[in-house]
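# Structural description and commentary
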Amino acid sequence: MSKDTFDIEENIIEANEFNALVESYSKNDFNSVIKHGRELIKNNSKDWRVPNLVATSYLALSKKDDAIKIYLEAIKIFNNQVELYNNLGACYRYKGLLDEAIQSFKKAIKVNKNYSDAKFNLANSLLEKKDIDEAIQIYKDILKTNENDHIILSMLGDCYRIKKQFNKAYEALTNSIKIKPLDTSYNNLGILFLENNKDTEAMNCFVEAIKLNKTNINPYNNLNELYLKYKKNKEAIVLTNEAISIFPNNHNAYFMHALALEHNNQFDDAIVFYKKTIELNTTHQKAYNNLAVCFTHLRKTNDALNIYEKVIKSKIHNADILYNYASLLSKVGKSDVAEKIIRKTILEYPNYTKIYPLLGVVKKFTEKDKDFNSMVHLFKELDNTNPDKSEIGFTLGKITEKFELYDEAASYFKKSNIIKNGNLNYDINRHLSQFKALSELFLPDFIRTYENQGFESNSNIFVIGMPRSGSTLLEQILSSHSEVDGFGELRTMTQVINDLNTNIKGFDELKNAPSDYFCKIGEEYNLRVKREFKPNNIFVDKALMFDRIGFISLALPNSKIIHCKRNKNDQLLSIYKNYFMQDFHPYSYNAKNLLLYYEGYENMMHHWNKVFENKILEINYEDLISRPKNVVQNLLNFCGLEWQEECLNYYKNNNNLINTISSQDARKPLYNSSINLWKKYKDSLKEIF
C-alpha cells in the first residue's frame with residue numbers, strides 16, 4: 001500500500017469516528033462524546049473539530065473549566081483555527097471572565113478579520129463590560145457589510161441607550177424592528193422609553209415583546225414593574241401568573257408574582273411565593289428581605305426577625321437587609337441590639353447613608369461626638385437630590401434639640417424641609433378640594449339616608465387626627481387592655497373605599513350610592529383586617545384618617561372614633577421637625593402648606609362634630625399627661641371596656657410593634673417635656689407660628 005493510499009484510509013476512519021461523535025452529541029449523550037473524543041485526541045487526531053466537540057459537550061454539562069482546558073490544549077496544536085478561539089471566548093464569557101473572553105475573540109479576528117461571529121461576540125462582551133464606545137465601533141463595522149442586520153441594529157441601539165443618546169438609540173431600535181420585529185428589540189426600546197419617562201410607550205413595547213416571544217422573561221419583569229408603579233395590581237397578578245405557567249422553574253417568575261401580591265396587600269399569598277423563590281434561589285436577597293417585610297406587615301415580628309437573623313448568619317445579607325433588621329428591632333423596643341446592627345452596617349457599607357438617621361433614633365446622644373460629626377459631614381456633602389440628606393438633617397435637628405441648642409436645631413429643620421419639599425411634586429389644593437367635597441357630601445340629609453345601613457360590628461376602634469398628636473401613645477394604652485389588639489396605622493379602610501370607588505370620578509357621584517354601599521365597606525374592611533391580622537376581638541386602627549370619618553361612621557355604626565388633639569403650636573412644630581417615610585404627609589415640608597392643611601383639618605373636624613354630634617370622643621394630649629387616670633377611665637368607658645390597671649402601665653409589658661416615628665417615645669412613661677416646646681422656637685420658626 002502506497003503512502004497516499006494509507007493517508008486516504010486514515011482520513012476515512014477519522015471521518016467515521018467523528019460522525020459517530022456527532023450522532024452521540026445530537027442525542028445529548030455528552031458523556032459518550034467526551035469519552036470517545038478524548039480517546040481520539042490521545043491518539044493524535046488531526047481533526048480540530050474533535051476537541052471542539054468534546055469541549056462543547058463539557059459546556060453542555062456545565063463543566064466550564066474542563067471545556068476551557070480542552071480549548072487551550074487544542075489551540076496549542078491548531079493555533080490558526082478561528083472557531084477554537086471564538087468558542088474559548090464564549091466559555092470565558094459564560095464564566096464572567098470578560099477580559100479573557102475579549103482577548104480570545106480578538107485573537108479569532110486576528111486569524112480571520114472577516115469572521116463575523118467573533119466580531120459579534122466581541123462587541124457583546126464589550127457591551128457587557130460597559131466598554132460602550134468600542135462596542136459601538138464594532139457593531140458599526142459589522143453593519144458596513146450588512147446594513148439590514150436587525151440584530152446588530154438592536155444591539156447598537158442598546159449601546160446608544162446606555163450612552164443616553166436617545167435619538168440615535170431610537171433610530172437604531174426602530175429600524176431593527178422595521179426589518180424584523182424581535183422581542184429583544186421591543187424590550188430594549190421599552191427600556192429606552194422607560195429611562196426617558198415615556199411610561200405609556202414603554203408599556204406598549206413590553207406588551208409587544210411578550211406577544212412576539214412568551215419565552216423571554218425580561219419584558220414580563222419590566223411590564224410588571226410598570227403595572228405596580230401605576231397601581232395596576234390586578235393586571236400585575238394576571239401577568240405574573242402567566243409568567244409562572246411559562247417559567248415554572250424560574251425563580252424570577254415567582255418573585256414577580258410575590259411582588260404583585262404584596263402590592264395588592266395579599267401578604268399571606270405573597271409569603272408563599274417569596275418562599276418558593278428562595279427554594280429555587282437560596283441566595284435571593286430581595287426575596288428574603290420582602291418576605292420579612294410581609295411578616296412585619298402582618299405583625300408577625302418574630303418570624304420577620306428570624307428571617308433577618310438567618311440571612312445575616314448565612315452571610316448573604318446586603319445593606320438593605322441590615323437596615324430593615326435594625327429598623328424592626330428599634331420598633332419592637334430592642335434599641336441596644338438595633339445599634340449593634342447599625343454599627344455592623346456602617347462598618348460593612350460605609351457609603352450607605354440611609355443608616356445614619358436610624359442611629360439617631362436608637363442612640364442616646366449626650367454630646368456632639370464622632371457619630372454626630374459624621375452626620376454633619378454627610379449633611380454637608382450629600383447632594384440635595386439625595387433622599388437621605390433631608391432625613392439626616394431632621395435627625396441632626398432633633399439631636400441638637402436635646403442639647404437645648406434650639407436655634408441650631410431650627411436651622412436644620414428649615415434646611416431639611418426645603419430639601420425634602422424640593423424633591424416632591426405636591427399640590428395642597430388637591431387635599432383642600434377633597435376636604436371641601438367630603439364636607440359637601442356628608443350633610444345631614446345624606447347621613448340620614450344611610451345611617452342605619454352599615455355593617456354591624458363591635459370590634460372597631462379608630463384613632464384619628466393629625467400626626468404627632470399622641471395617637472401612638474393612645475393606641476399603646478388601649479392595646480394594653482386584655483380585650484384589645486393594636487395594629488398601628490392600617491391602610492385597609494382607604495384601600496377598601498378606593499377599590500369600591502374605582503369607577504367614580506368624584507365624591508359627588510356617591511349622593512346616589514346603592515343602599516348597601518356603606519355596608520359593603522364595613523364588611524370588606526373587617527374581613528380584610530381579620531384575614532390579615534387575626535385579631536382576638538376588639539382592635540385599634542390608628543390610621544389618623546380624619547377625612548374618612550363619614551365613611552367610618554356610616555360603614556361601621558357601632559365603631560368607636562377617638563380624636564387625638566394637642567396644643568396647635570406644639571403639634572405644628574412636631575410635624576415640621578419630622579421626616580415621614582414613603583412621602584406620607586407631603587404638606588408637612590412647607591410652612592404655608594402645613595398651615596393650610598391644618599386649617600383644613602380643623603374645618604373638617606368642626607364639620608364631623610356638627611353632623612355626628614356625640615359620635616366622636618376627643619382626647620386632649622395635655623389632659624392625658626396631667627391627669628392620666630381620669631382620661632384613661634373616660635376613654636375605656638367610651639369604648640365599653642372595663643378598667644384595667646395595665647392601661648396606665650402600658651410601657652411596662654407592651655412589646656407591640658410600633659411602626660411610627662413615636663416608636664421610642666411611646667415605650668416611656670408619660671412625660672411633659674414636649675408641652676409648650678414650641679415657645680423655644682417662636683423666634684427661629686416664625687413662619688409656622
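Above this note sits the structure.
### Comments concerning the nonpolar core
- Core analysis: the largest hydrophobic core is formed by 126 residues, its most contacted members being Tyr 139, Tyr 274, Ile 342, Ile 355 and Leu 396.
- Beyond its immediate sequence surroundings of up to four residues, Ile 355 is in contact with Tyr 323, Ile 342, Thr 345 and Ile 346.
- Tyr 406, Ala 409, Ala 410 and Leu 556 belong to the second largest nonpolar core, which has 67 residues in total.

### Brief notes about helix 2 (residues 30-42)
- Taking 1.5 Å of rise per residue, the 13 residues of helix 2 would be expected to cover 18 Å, and the 18 Å separating its terminal C-alpha atoms lies within 8% of that figure.
- The positive-phi residue at the C-terminal boundary of helix 2 is Asn 44, with phi of around 60°.

### Describing the sheet that holds strand 2 (residues 484-486)
- What the five strands build is an open sheet, ordered 2-3-1-4-5; its pairing is parallel. Only two strands of the sheet have a single neighbouring strand rather than two, namely strand 2 and strand 5 (616-620). Sheet twist, expressed as the average angle between the axes of neighbouring strands with direction ignored, equals 25°.
- Bridge analysis of strand 4 (residues 560-565) against strand 5 gives five bridges, and the strand direction is parallel. Its bridge partner lying in strand 5, Ile 561 is registered against Ile 616.
- Along the sheet, helix 27 (residues 471-479) contacts strand 1 (460-465), strand 2, strand 3 (538-544), strand 4 and strand 5; its crossing angle with strand 3, the most-contacted strand, is approximately 175°.
- Those strands touched by helix 32 (residues 591-612) are strand 1, strand 4 and strand 5, and its axis lies near 145° from that of strand 4.

### As for the packing of aromatic side chains
- Under the definition given, this model contains 38 aromatic pairs.
- Ring geometry for Phe 442 and Phe 446: centres 5.4 Å apart, planes at 90°, overall edge-to-face. For the pair Phe 442 and Phe 446, a shared accessibility class is recorded, and that class is buried.
- Here the aromatic cluster, defined as three or more aromatic residues joined through ring pairs, consists of Phe 442, Phe 446, Tyr 450, Phe 507, Tyr 517, Phe 518, Phe 551, Trp 608 and Phe 612.
- Positioned above the aromatic ring of Tyr 254, the side-chain terminus of Lys 276 is 5.6 Å from the ring centre.
- Directly above the aromatic system of Tyr 323 lies the positively charged group of Lys 354, at a separation of 4.5 Å from the ring centroid.

### Structural notes on the pairing of strand 4
- Strand direction decides the pairing type here: strand 1 and strand 4, joined by five bridges, are parallel. Paired with Val 463 across the strands is Ile 562, a residue of strand 4.

### Let's talk about the environment of Leu 441
- The residue Leu 441 is located in helix 25 (residues 428-441) in this model.
- Owing to a relative accessible area of 3%, Leu 441 belongs among the buried residues under this scheme.
- The contacts of Leu 441, once residues within four sequence positions are left out, are Phe 446, Phe 507, Leu 510 and Lys 511.

### What about the packing of helix 7 (residues 116-128) against helix 9 (residues 150-162)?
- Between helix 7 and helix 9, the shortest axis-to-axis distance is 11 Å and the interhelical angle comes to 20°. By the angle between their axes, helix 7 is roughly parallel relative to helix 9. For the pair helix 7 and helix 9, the sense of crossing is left-handed. For the pair formed by helix 7 and helix 9, the contact residues are Phe 120, Asn 124 and Leu 127 on the first element and Ile 151, Ile 152, Met 155, Cys 159 and Ile 162 on the second.
- Here the contact of helix 7 with helix 9 is built from residues that sort into seven nonpolar, one polar and no charged.

Rules of the game
Residues numbered from 1 in each chain as written. Predicted model: local features only at pLDDT ≥ 70, side-chain atom pairs only at ≥ 80, totals over all residues. Heavy atoms only, no water. Core = buried A, V, L, I, M, F, W, Y, C linked by side-chain atoms within 4.5 Å. Buried < 20%, exposed > 50% of the residue type's maximum accessible area, 1.4 Å probe, protein only. Contact = heavy atoms within 4.5 Å. Helix = DSSP H or I, 4+ residues; strand = E, 2+ residues; numbered from the N terminus. Expected span 1.5 Å × (residues − 1). Pairing = 2+ DSSP bridges. Axes fitted to C-alpha atoms, helices over the stretch in contact; angles between N-to-C directions. Phe/Tyr/Trp six-rings, centres within 6.5 Å; stacked < 30°, edge-to-face > 60°. Lys NZ or Arg CZ within 6 Å of the ring centre and 35° of its normal. Parallel < 35°, antiparallel > 145°, perpendicular 65-115°, else oblique. Left-handed = near helix turned anticlockwise from the far one by under 90°. Nonpolar A, V, L, I, M, F, W, Y, C, P; charged D, E, K, R; others polar.

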